[in-house]
Amino acid sequence: MISIEDALRAVIAKSKEVSKEVILPIEKVYNSILYRDIYAPINMPPFRQSAMDGYALNLHNDFSYELIDEVKAGDSHQPILKPGEAIRIFTGAAVPDSANAVIMQEKVIINNNKLAVNSQLSFEYNIRTVGEQVKKGELALKKGTKLTPAAIGYLSSLGITKVSVYKKPTIALITTGNELVEPGEDLDYGKIYESNSKMLHSALWNLGFEDISIHKIKDNYEETYSKLKNAITEHDLVIISGGISVGDYDFVGKALTELKVEEVFYKVDQKPGKPLFFGKSDSTLLFALPGNPAAALTCFYVYIYLALHRLTGLKNHGLPTIKAKSLSNFVKNGDRPQFLKAIYRNGEVTILEGQSSAMLQTFAISNALVLMKGNMEQIQVNDLVEVILLPF
Ligand SMILES: Nc1nc2c(c(=O)[nH]1)N[C@H]1C(S)=C(S)[C@@H](COP(=O)(O)OP(=O)(O)OC[C@H]3O[C@@H](n4cnc5c(N)ncnc54)[C@H](O)[C@@H]3O)O[C@H]1N2
Ligand code: MOO
């Protein structure tokens with residue numbers, strides 16, 4: 001059995017090489033990672049731009065100006081102002097070369113075509129200079145940057161329509177188990193509703209992964225073997241739920257061995273999620289998660305989240321962790337390090353009742369996991385504990 005730290009190191013080591021480049025329309029790159037540096041194709045702003053609704057002035061040694069023209073946002077004409085002349089101007093409009101300051105309309109008094117300003121203005125006041133944000137040819141965004149809404153807005157403002165990003169992995173989600181029936185169908189004795197696929201699918205969507213195919217297999221060796229074989233050939237990442245423990249009808253491990261999947265680790269010293277398998281077949285990464293729903297989701301956040309980051313070119317390592325003050329007492333059962341479902345708010349964390357790996361009720365209201373190390377026997381109120389913040 002491997003430790004959590006070694007397992008995380010192995011995930012980092014094995015998942016770094018799988019990234020590929022793809023060029024996508026900017027509408028499709030949200031949450032993707034830039035594959036190459038982007039240089040600004042234009043100056044931004046492309047012209048001297050008014051930052052206010054007001055008046056553009058050609059400054060002189062007097063507080064009075066004569067109003068001669070108007071430039072609205074989008075206008076292309078360039079009135080020529082002599083010293084002491086002003087034009088009406090609006091936010092975002094092009095300031096003529098002959099104007100050297102803009103004054104807000106609240107700060108002037110207008111009388112006929114005369115404009116009285118009540119203060120001395122400095123040159124370029126309220127004017128955004130050409131290339132103030134970024135100059136043509138300068139580095140606009142570095143490779144490795146995550147494309148947030150702000151980044152997408154910024155690149156669009158530079159007129160960029162296509163972006164080179166790390167290809168997001170194609171993902172197969174495979175559930176196993178004779179006991180599983182679809183929500184909406186009758187629930188016969190001995191059956192349960194299949195919930196892991198929808199849970200993991202939404203966790204992937206939340207992180208911006210959309211190329212996901214879902215497969216459901218029974219506890220049958222031949223079916224397990226052939227479905228896994230196809231999934232490995234056709235996807236960058238295969239996530240299996242269930243069938244990885246030691247029962248007579250747990251066929252995943254045997255099929256993975258037959259398929260010559262390299263075992264990076266099997267079994268992690270942790271609770272929940274002990275029977276976690278991580279492997280690799282050529283460039284395809286493969287996680288076999290324990291079927292118990294809370295164990296599967298914990299392993300997703302702790303390990304698969306990290307692998308997904310690596311595959312998509314992000315350099316940071318997994319979910320953010322912080323120290324927080326516990327508002328709860330908790331006594332650990334056994335020596336295994338434990339991930340505890342919890343609610344974090346404002347530097348404090350409440351550890352929830354109902355930590356069984358079969359239960360999702362507490363996970364459904366959690367926004368964090370408390371990591372209780374193996375050598376800790378209990379947590380007491382006011383103890384500082386390590387908290388992993390979940391990505392929502
Ligand atoms: N003799 C031992 N038995 C078990 C051990 C062990 O070390 N020795 N480990 C236990 C632990 S810990 C876990 S976790 C489970 C993992 O078992 P599997 O990964 O083989 O998962 P299954 O047996 O297929 O399912 C476990 C549990 O989860 C339910 N399940 C499975 N898939 C789904 C799904 N898609 N949606 C909803 N629920 C699902 C399934 O019905 C079972 O109740 O093994 C222990 N046993
Ligand atoms: O590792 Mo199991 O996940 O405790 O139920």
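Structural data are supplied above this passage.
Fair warning: this is a prediction, and the values are worked out from it, not measured in the lab.

Reading the values: the criteria
Residues numbered from 1 in each chain as written. Chains lettered and ligands numbered in written order. Predicted model: local features only at pLDDT ≥ 70, side-chain atom pairs only at ≥ 80, totals over all residues. Near = placed C-beta within 6 Å. Nonpolar A, V, L, I, M, F, W, Y, C, P; charged D, E, K, R; others polar. Helix = DSSP H or I, 4+ residues; strand = E, 2+ residues; numbered from the N terminus. Pairing = 2+ DSSP bridges. Axes fitted to C-alpha atoms, helices over the stretch in contact; angles between N-to-C directions. Contact = placed C-beta atoms within 7 Å. Expected span 1.5 Å × (residues − 1). Buried ≥ 20, exposed ≤ 12 C-beta atoms within 10 Å, placed from the backbone. Arc of directions from axis to C-beta.

Summarise the site of ligand 2; cite the residues concerned and give the values.
All residues in the neighbourhood of ligand 2 are listed as K271, P272, G273, K274, P275, P290, N292, A295 and S357. Here the shell around ligand 2 is composed, by residue class, of four nonpolar, three polar and two charged.

Explain unusual backbone geometry to me, using residue names and the numbers behind them.
That bond from M44 to P45 is cis: its omega, 0°, falls within 30 degrees of zero. Mapped onto the elements of the fold, P45 is located in the loop between β2 (38–39) and β3 (49–50). Omega for the peptide link from K271 to P272 comes to -5°, which places this bond in the cis form. Here P272 lies in the loop between β18 (262–266) and β19 (277–281). Its identity as a non-glycine residue notwithstanding, N112 has a phi of 50°, on the positive side. Inspection of the secondary structure puts N112 in the loop between β8 (108–111) and β9 (114–117).

Can you tell me about the sheet that holds β19, naming the residues and giving the values?
Two modes of strand pairing occur in sheets, parallel and antiparallel, and in both the strands are linked by backbone hydrogen bonds. Overall, mixed pairing links the six strands, which are arranged β16-β13-β17-β20-β19-β18 in an open sheet. Only two strands of the sheet have a single partner each, and these edge strands are β16 (212–217) and β18. On average, adjacent strands in this sheet sit at an angle of 15° to one another, irrespective of strand direction. Summarising the sheet, strand β13 (residues 171–176) and β16 pair through six bridges and their orientation is parallel. Residue pairing across strands places L173 opposite I214, the latter belonging to β16. Docked against the sheet, helix α3 (residues 196–206) engages β13, β16 and β17 (237–241), running at close to 160° with respect to β13.

Would you mind going over helix α1 (residues 4–15) in detail, with residue names and values included?
With twelve residues, α1 extends 16 Å from end C-alpha to end C-alpha; this agrees with the ideal 16 Å at 1.5 Å per step. For α1, the complete set of buried residues consists of A7, V11 and S15. With its buried residues spanning 45° around the axis, α1 presents them on a single face. Along α1, the residues that are exposed and aim more than 90 degrees away from the buried face are E5 and A13. In this structure, the buried side of α1 is in contact with β18, β19, β20 (284–289) and α6 (293–311).

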